[in-house]
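# An overview of the molecular structure
Chain by chain, the residues run as shown.
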Amino acid sequence: MAYTLPELGYAYDALEPHFDAQTMEIHHSKHHQAYVNNANAVLENSPELQELAGGCPGKLLAHLHDVAPEKRPALRNNVGGHLNHSLFWKSLKKGTTLQGALKDAIERDFGSVENFKAEFEKAAATRFGSGWAWLVLENGKLAVVSTANQDNPIMGKEFAGCSGTPIFGLDVWEHAYYLKFQNRRPDYIKEFWNVINWDFANERFEKALAEVLLCHCDSDGCGGDNSSSPFSCFFR
């Protein structure tokens, strides 16, 4: 089955004035769509990968070592781009508040919410070139990491240079912010706190803590059988 572009679930201007509508539309309908198209083009000619690619894209990315070396870069970049953006759209919503188990864990593992935000902003600002900053859960503890290009922590240290279950991530590719912020990446990072969907993040955290969260995308965007274990999606 082919991957498909997930719906945002909100209008392109829903995050104004923090994230602008034009960037959101191009980012979703052009950039994300390109990752989907490119991933499907590779998989169309890769019958040996149908089992891995038939469910959530997280399943394939967690098993990159099983992909032939000549096909690995294209799938790493494009399935990674599909997975990362599918999570990113779900992580955006105005008007939510950090609370509950996730807030308690952030204060425990970082000392304070302010310390966490400072560490996350540093990871996002200092990621050279294109990539992502992430809050991940690993071995019961939260950590801030960053990855290059479209790598995701679920790829593991061999590929991504870090590991863990992503709770949320911030896209720091220029296509995510340049129309509004130009070269002012730190300003874009600051605005993220005004649009992060803390309710969704807390839900992911609680499920990850319970070892229920084993996949990381929107079920509408998987294009596969999302009831298959152990990588079944929980966005239902």
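Residues numbered from 1 in each chain as written. Predicted model: local features only at pLDDT ≥ 70, side-chain atom pairs only at ≥ 80, totals over all residues. Heavy atoms only, no water.

## Quick notes on the overall build of the protein
If you tally the helices and strands in the protein, you get 10 helices and 3 strands. Along the chain direction, N to C, the helices and strands of the protein fall in the order α-α-α-α-α-α-β-β-α-β-α-α-α. Taken across its 236 residues, the protein has 54% of its residues classed as buried. In the protein, of all internal contacts separated by at least 6 residues, the share reaching a separation of at least 24 is 67%. (Helix = DSSP H or I, 4+ residues; strand = E, 2+ residues; numbered from the N terminus. Buried < 20%, exposed > 50% of the residue type's maximum accessible area, 1.4 Å probe, protein only. Contact = heavy atoms within 4.5 Å.)

## Here's the deal with the nonpolar core
Core analysis: the biggest nonpolar cluster contains 65 residues, and Phe 168 and Phe 192 have the highest contact counts within it. Not counting residues within four places of it along the chain, the set of residues in contact with Phe 192 comprises Phe 19, Phe 88, Leu 92, Phe 120, Phe 168, Gly 169 and Leu 170. (Core = buried A, V, L, I, M, F, W, Y, C linked by side-chain atoms within 4.5 Å.)

## Overview of the packing of helix α1 (residues 21–44) against helix α4 (residues 72–90)
Packing of α1 against α4 brings their axes to within 8 Å, and their N-to-C directions diverge by 140°. Comparing the axis directions of α1 and α4 gives the class oblique. Note that α1 runs across α4; the crossing there is left-handed. Along the contact surface, α1 presents Met 24, His 27, His 28, His 32, Ala 34, Tyr 35, Val 36, Asn 38, Ala 39, Val 42 and Leu 43, while α4 presents Ala 74, Leu 75, Asn 77, Asn 78, Val 79, Gly 81, His 82, His 85, Ser 86, Phe 88 and Trp 89. Of the residues that constitute the contact of α1 with α4, the class distribution is 12 nonpolar, 10 polar and no charged. (Axes fitted to C-alpha atoms, helices over the stretch in contact; angles between N-to-C directions. Parallel < 35°, antiparallel > 145°, perpendicular 65-115°, else oblique. Left-handed = near helix turned anticlockwise from the far one by under 90°. Nonpolar A, V, L, I, M, F, W, Y, C, P; charged D, E, K, R; others polar.)

## What to know about the packing of aromatic side chains
Counted by the stated rule, this structure contains 17 aromatic pairs. Relative to Phe 192, the ring of Phe 120 lies with its centre 6.0 Å away and its plane at 15°, an arrangement referred to as stacked. Highlighted residues: Phe 120 in helix α6 (residues 113–126) and Phe 192 in helix α9 (residues 185–192), separated in sequence by 72 residues. Among the residues examined, Phe 192 registers a relative accessible area of 0% and is labelled buried. (Phe/Tyr/Trp six-rings, centres within 6.5 Å; stacked < 30°, edge-to-face > 60°.)

## Description of the confidence of the model for the protein
The predicted coordinates of low-pLDDT regions are not to be read in fine detail. Per-chain confidence: the protein averages 89 in pLDDT, with 89% of residues scoring 70 or above. Confidence over residues 218–236 falls short of pLDDT 50; this stretch has 58 contacts with residues more than four positions distant or in other chains. (pLDDT = per-residue confidence, 0-100.)

## Comments concerning the sheet that holds strand β1 (residues 131–138)
Taken together, 3 strands build an open sheet; the order of strands is β2-β1-β3 and the sheet is antiparallel. One side of each edge strand has no neighbouring strand; the edge strands of this open sheet are β2 (141–148) and β3 (165–171). Strand-to-strand twist in this sheet, taken as the mean axis angle between neighbours without regard to direction, amounts to 20°. As defined by bridge partners, β1 adjoins β2 across 8 bridges and the pair is classed as antiparallel. Looking at β2, one finds that Gly 131 is bridged to Ala 148. Packing of α6 onto the sheet brings it into contact with β1, β2 and β3, and relative to β1 it is tilted by some 140°. (Pairing = 2+ DSSP bridges.)

## Things to note about the side chain of Asp 20
Position of Asp 20 relative to the elements: it lies in the segment before α1. Among buried charged residues, Asp 20 stands out as having no salt bridge; its nearest opposite-charge side chain is Lys 180, 5.8 Å away. Contacts of Asp 20, omitting those with residues within four sequence positions, involve Tyr 12 and Lys 180. (Lys, Arg positive; Asp, Glu negative; His and termini not counted. Salt bridge = Lys/Arg side-chain N within 4 Å of Asp/Glu carboxyl O.)

## Quick look at the side chain of Asn 197
Along the chain, the position of Asn 197 falls in the loop between α9 and α10 (198–209). If we skip the residues at most four places from it in the chain, Asn 197 touches Lys 90, Ser 91, Leu 92, Lys 93 and Thr 96.

## Regarding the pairing of β1
When you tally the buried positions in β1, you get 7 out of 8 residues, the bulk of the element. Pairing of β1 with β3, which is carried by 6 bridges, proceeds in the antiparallel orientation. Bridge assignment links Leu 137 to a residue of β3, and that residue is Thr 165.

## Focus: the packing of α6 against α9
Relative to each other, α6 and α9 sit at 140°, their axes nearing to 10 Å. Considering the relative orientation of α6 and α9, their crossing is right-handed. When α6 is examined against α9, the residues Phe 120, Glu 121, Ala 124 and Ala 125 are found in contact with a partner set consisting of Arg 185, Ile 189, Lys 190 and Phe 192. Residues of the contact of α6 with α9, tallied by class, amount to 5 nonpolar, no polar and 3 charged.

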